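Architecture at a glance
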Amino acid sequence: MIKTLTFASMHFSIAFGVTYLLTGDIVVGGLVAIVEPAVNTVAFFFHEKVWNRVTARRQQAAERQGSRHSGMNGAVLAS
């Protein structure tokens, strides 16, 4: 969660700076700096959860695949 919070503070600063430079309006810069990164931060948090779940499933599948093949190593098939 700390990673998410530090990302959010960086994102707020960038969003404000870019919007302020484009509009020259502190209020618009502040609104965009709050709304856009807040939405992105929540999306990032859930993206990380899904990404970790997908990675874990891929690792489990690879381990299952490896265990199927390792059982046959050195085995001689009877004809």
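Here goes a summary of the coordinates provided. (Residues numbered from 1 in each chain as written. Predicted model: local features only at pLDDT ≥ 70, side-chain atom pairs only at ≥ 80, totals over all residues. Heavy atoms only, no water.)

Some words on the side chain of Thr 19
Convention followed: Per the convention used, a helix needs a DSSP run of H or I reaching at least four residues, while a strand needs a run of E reaching at least two, with both numbered from the N terminus. Residue contacts are defined here by distance: any two heavy atoms, one from each residue, within 4.5 Å place the two residues in contact.
Mapped onto the fold, Thr 19 is located in helix 1 (residues 2–23). If we skip the residues at most four places from it in the chain, Thr 19 touches Gly 24, Val 28, Gly 29 and Val 32.

Points about the pattern of salt bridges
Going by this rule: Here, a salt bridge means any Lys or Arg side-chain nitrogen found within 4 Å of an Asp or Glu carboxyl oxygen. Remark: exposure states derive from per-residue accessible area (1.4 Å probe, protein chains only) relative to the maximum for the residue type, with buried under 20%, exposed over 50%, and partly exposed in between.
Applying the stated rule across the entire model yields one salt bridge. Across the pair Lys 3 and Glu 48 runs a salt bridge, and its minimum N-O distance is 3.9 Å. You can see Lys 3 sitting in helix 1 and its partner Glu 48 sitting in helix 2 (residues 26–70), a full 45 residues away along the chain. Overall, Lys 3 belongs to the exposed group, its relative accessible area being 54%.

Topic: the environment of Phe 45
Tracing the chain through its elements places Phe 45 in helix 2. Judged by relative accessible area, which is 28%, Phe 45 ranks as partly exposed. In this structure, the C-alpha to C-alpha distance between Phe 45 and Lys 3, residues 42 residues apart in sequence, is 9.4 Å.

Regarding helix 1
Stated precisely, the cut-off is as follows: Each residue after the first adds 1.5 Å to the expected span of a helix.
Here helix 1 spans 31 Å end to end across 22 residues, near enough to the 32 Å set by a 1.5 Å rise per residue. Gly 24 occupies a position one or two residues after helix 1 and carries a positive phi of about 75°.

Observations concerning the side chain of Thr 4
Along the chain, the position of Thr 4 falls in helix 1. A residue is classified by how much of its surface remains accessible, and Thr 4, at 8% relative accessible area, is buried. What Thr 4 contacts, discounting residues up to four positions off in sequence, is Thr 41, Phe 44 and Phe 45.

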